[in-house]
Amino acid sequence: MTEAAERFFEALPSRAPDVLGGLADGTLQIDLGDDHRTEHWLVRMRPGFVQVSRGRGPADAIWYSSAALFDRLITGEAQGVAAVLRNESTFSGNVVLFLAFRRFFPDPPGTRDPRETARRAAGRLG
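These numbers come from a predicted model, not from an experiment.

Asks: Can you walk me through the pairing of strand S3 (residues 49-54) in this structure?
Replies: Within a regular strand, side chains alternate between the sheet's two faces. Relative to S3, strand S2 (residues 37-46) runs antiparallel, the two sharing six bridges. Counted as the bridge partner of Val43 is Val52 from S3. Hairpin connection, S2 to S3: the antiparallel pair is bridged by two residues, and Gly48 has positive phi, about 75°.

Asks: Looking at this structure, I do not really get helix H1 (residues 3-19). What am I missing?
Replies: For the α-helix, the turn length of 3.6 residues means that residues three or four positions removed from each other point alike. With 17 residues, H1 should cover 24 Å at 1.5 Å per step; its first-to-last C-alpha distance of 22 Å lies within 8% of that length. Buried residues in H1 make contact with strand S1 (26-34), S2, S3, helix H2 (67-74) and helix H4 (95-101).

Asks: Sorry, what's going on with the UniProt feature "domain: SCP2" (unreviewed entry) in the protein here?
Replies: Under the feature "domain: SCP2" (unreviewed entry), the UniProt entry names residues 16-105. Structurally, residues 16-105 is divided into 28% helix and 39% strand, and its ends, taken at the C-alpha atoms, are 12 Å apart.

Asks: Is there a simple way to explain the environment of Asp71 in this structure?
Replies: In this structure, Asp71 sits in helix H2. Through-space distance from the C-alpha of Asp71 to that of Ser92 is 21 Å; in sequence the pair is 21 residues apart. If we ignore the near neighbours within four places in the chain, the residues touching Asp71 are Thr2 and Ala5.

Asks: It is not clear to me how the pairing of strand S4 (residues 61-66) should be interpreted in this structure. Could you clarify?
Replies: Judged by which residues are buried, S4 turns out to be one-sided: Ala61, Trp63 and Ser65 face inward and are buried, whereas Ile62, Tyr64 and Ser66, on the alternate face, are not. Pairing geometry for S4 and strand S5 (residues 90-93), over four bridges, is antiparallel. Bridging across to S5, Ile62 finds its partner in Ser92.

Asks: Would you mind showing me how to read the sheet that holds S5 here?
Replies: Strand pairing in a sheet relies on backbone hydrogen bonds, with the paired strands running either antiparallel or parallel. Strand order across the open sheet formed by five strands is S3-S2-S1-S4-S5, with mixed pairing between neighbours. Only two strands of the sheet have a single partner each, and these edge strands are S3 and S5. For this sheet the average axis-to-axis angle between neighbouring strands, irrespective of direction, equals 20°. Both S1 and S4 contribute to a ladder of six bridges, which runs parallel. Within S4, the position partnered with Asp31 by the bridge is Tyr64. The strands that H1 touches are S1, S2 and S3; relative to S3, the one it contacts most, it runs at about 155°. H2 contacts S1 and S4 of the sheet and is inclined by roughly 100° relative to S4.

What counts as what
- Residues numbered from 1 in each chain as written.
- Predicted model: local features only at pLDDT ≥ 70, side-chain atom pairs only at ≥ 80, totals over all residues.
- Heavy atoms only, no water.
- Pairing = 2+ DSSP bridges.
- Helix = DSSP H or I, 4+ residues; strand = E, 2+ residues; numbered from the N terminus.
- Expected span 1.5 Å × (residues − 1).
- Contact = heavy atoms within 4.5 Å.
- UniProt positions renumbered as here; feature names shortened; annotations may be inferred.
- Buried < 20%, exposed > 50% of the residue type's maximum accessible area, 1.4 Å probe, protein only.
- Axes fitted to C-alpha atoms, helices over the stretch in contact; angles between N-to-C directions.

The following block contains the structure:
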């Protein structure tokens, strides 16, 4: 496990009020593989709240990723849904939990909100 991934998981509870809303309610087990070992994380989510622990347990969904891919996800260099669609990672269970969890990942470097871009363009025109 990389130091960046450790920091990412440690920060989840404090970020949850700003990130999680709506339908996120359940436990996601995240399995991160590296060489011949797998680290397990349990992320319990509900609107505005996250609890993180290490280990396996009862989970509503399980997501497997390589540790290297996870490092790219937490820096915005890769996208979670795209990784699943390309079979770079696997997912089973309640898809709402995966879709909610991916909101913790940053946007790709250089990404701009199209609404902000439009506002700036309108300000220059007006």
